[in-house]
Amino acid sequence: MRYVSTRKQAPEVSFPEAFANGLAPDGGLYVPAEIPDLSPDLVSGDPEPYPALAVEVLSLFDNDHEASEVFKLADRSYSNFSDMATAPLRQLDENLFVLELFHGPTLSFKDFGLQLVGNLFEDQIRKTQDPINVLGATSGDTGSAAIHGLAGKEGVNVFVLYPKGRISEWQERQMTCTEAKNIYPIPIDGTFDDAQRLVKDLFGDEEFRSQVRLSAINSINLARVLAQSVYYLHAFMQLPADRSDNVEFVVPTGNFGNVFAGWLASEMGVPCNKFVVATNQNDILYNFFNTGVYKQGKVSPSFAPSMDIQVASNFERFLYFSQDGDGEAVRKMMQQVRETGNLEIPNFDRGAFRATRTSDPEILENIKMVHEKYDYIVDPHTACGFQDIDPEANTVILATADPAKFPDVIERATGIRPKHPALEQLREKRQVRYDLEPTDEAVKAFMLLNGTM
Ligand SMILES: *Cc1c(COP(=O)(O)O)cnc(C)c1O
């Protein structure tokens, strides 16, 4: 499989090259040059073991690794999940299902992408013999999942910036209590945007970037998207045969990575009628799918913080396919977004998508309703998936995090304070973190001192 840039002004590359590059040289994102057809193998009511399914799907997108290597990568990435099914489908009602994506090491769906990314970095380092330094900014789940994908691996040190006092205690402990020598969690005074800006500055500094062989873990990483397509197939295969038509996947959405992975799975043949883009009060994508107008505003902090975004970084991949691969059209649109913060698509066809929006009070109501009606607890992100469900459809809601990661909101909604043994054991561990001044110079000096060279 070859990969092309959404802006079509960069050479086609292989999967390992696309993975190593991150962003294409023309500023675009890599997408597969064609989408493979899986439909002959798809049967509902007959799930395959998750790692085997992951091998089948990933081999279609990566024919540069040997089949046995893909097997090792998938097996290593998904064998440490705590549920036998890796991504179990729970039935709440006749036509209502929840796909639990929170049984990985950091209890959010981000583990599906970042466990694989960690193993791919390890493979790259082993082959090139070049150590790397990974740098990222996080508002919580991404940083902890990336850290757990890379902790203890040879030839890579990981530096994660986060806004001090603005992530949850559990999210912080997941990053600071790993006891791994190659992990550097860095709290900074400021917001997530400040942390993000520092990271962007350092990636923009060519000299520093090559000096420390800087690598990224951000949400545009191609391997993350492909890894996430697998669980849509797995969900379909777990559906009872008489519930496998008129399927709607409901996806709590921020950066549009997860729902884009689902759309890709449907293009591969997973029968699905609709994708529901479930947003919180940061409703830029809700507005877009209802009006065709994409208008950036200010981030407003909500009970579902991992969906608090105003720039949906994977959106460019969707634009590329919606414009039938017209790189020039994508370039113009992205330029317009950059210059004005807005985009308007005339005669916009929303295709297989519909969108919902859930306010903070509605998040609490939905958690309470699900608990009372189904005796099941959902986290605040997943709660957005329960908004405006189509009663006629067979609905699969993606549960993106374990409720125990957000005990305060759950307690407020239900009176119950959820716990998880993987989190409780972090209480005992020593926290290691490195307070730095929020300046380019301070972070650079720290990385030059502590990076692997
Ligand atoms: C990251 C995240 C989301 C949003 O996913 P995107 O791929 O950015 O759309 C939703 N829920 C949780 C718990 C997350 O960590």
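What counts and what doesn't
- Residues numbered from 1 in each chain as written.
- Predicted model: local features only at pLDDT ≥ 70, side-chain atom pairs only at ≥ 80, totals over all residues.
- Heavy atoms only, no water.
- Near = heavy atom within 4 Å.
- Areas by Shrake-Rupley, 256 points an atom, 1.4 Å probe, with all protein chains shown as cover.
- Nonpolar A, V, L, I, M, F, W, Y, C, P; charged D, E, K, R; others polar.
- 1 Å grid on protein atoms, 1.4 Å probe; cavity = no way out; pocket = protein on both sides within 12 Å on 5 of 7 lines; lining within 4 Å.
- Points joined across faces, edges and corners; volume = space filled by probe spheres on them.
- Helix = DSSP H or I, 4+ residues; strand = E, 2+ residues; numbered from the N terminus.
- Buried < 20%, exposed > 50% of the residue type's maximum accessible area, 1.4 Å probe, protein only.
- Pairing = 2+ DSSP bridges.
- Right-handed = clockwise from strand over helix to strand, strands pointing away.

A.B. asks: How should the site of the ligand be read in this particular structure?
C.D. replies: Taken together, the neighbourhood of the ligand is formed by 15 residues, with Lys-110, Asp-141, Gly-254, Asn-255 and Thr-400 sitting nearest. Burial of the ligand by the surrounding chains reaches 96%, relative to a free accessible area of 390 Å². Within the shell around the ligand, the residues separate by chemical class into five nonpolar, eight polar and two charged.

A.B. asks: So what exactly am I meant to see when it comes to the layout of surface pockets here?
C.D. replies: Here the idea is plain: a probe the size of a water molecule rolls over the atoms and shows the empty space left. In this model, the second largest pocket occupies a volume close to 360 Å³. Surrounding the second largest pocket, 21 residues form its lining, Ser-168, Lys-405, Phe-406, Pro-407 and Asp-408 being those nearest its centre. Those elements that place two or more of their residues in the lining of the second largest pocket are helix H6 (169-176) and helix H16 (407-414). Across the lining of the second largest pocket, the residue classes tally to nine nonpolar, four polar and eight charged.

A.B. asks: Can you help me understand the pairing of strand E6 (residues 156-163) in this one?
C.D. replies: Successive side chains on a regular strand alternate, one facing one side of the sheet and the next facing the other. By the criterion of burial, E6 is predominantly enclosed, with eight of the eight residues buried. Judged from the six bridges that link them, strand E5 (residues 132-137) and E6 form a sheet pairing that is parallel. Within the sheet, the bridge partner assigned to Gly-136 lies in E6 and is Val-160. The parallel pair E5 and E6 is bridged by helix H5 (residues 141-150), and the resulting crossover is right-handed. Where E6 lies against strand E7 (residues 183-188), six bridges are found, and the strand directions are parallel. Paired with Pro-163 across the strands is Ile-188, a residue of E7. The handedness of the E6 to E7 crossover, carried by H6, is right-handed.

None of the figures reported here should be taken as evidence of function without further support.
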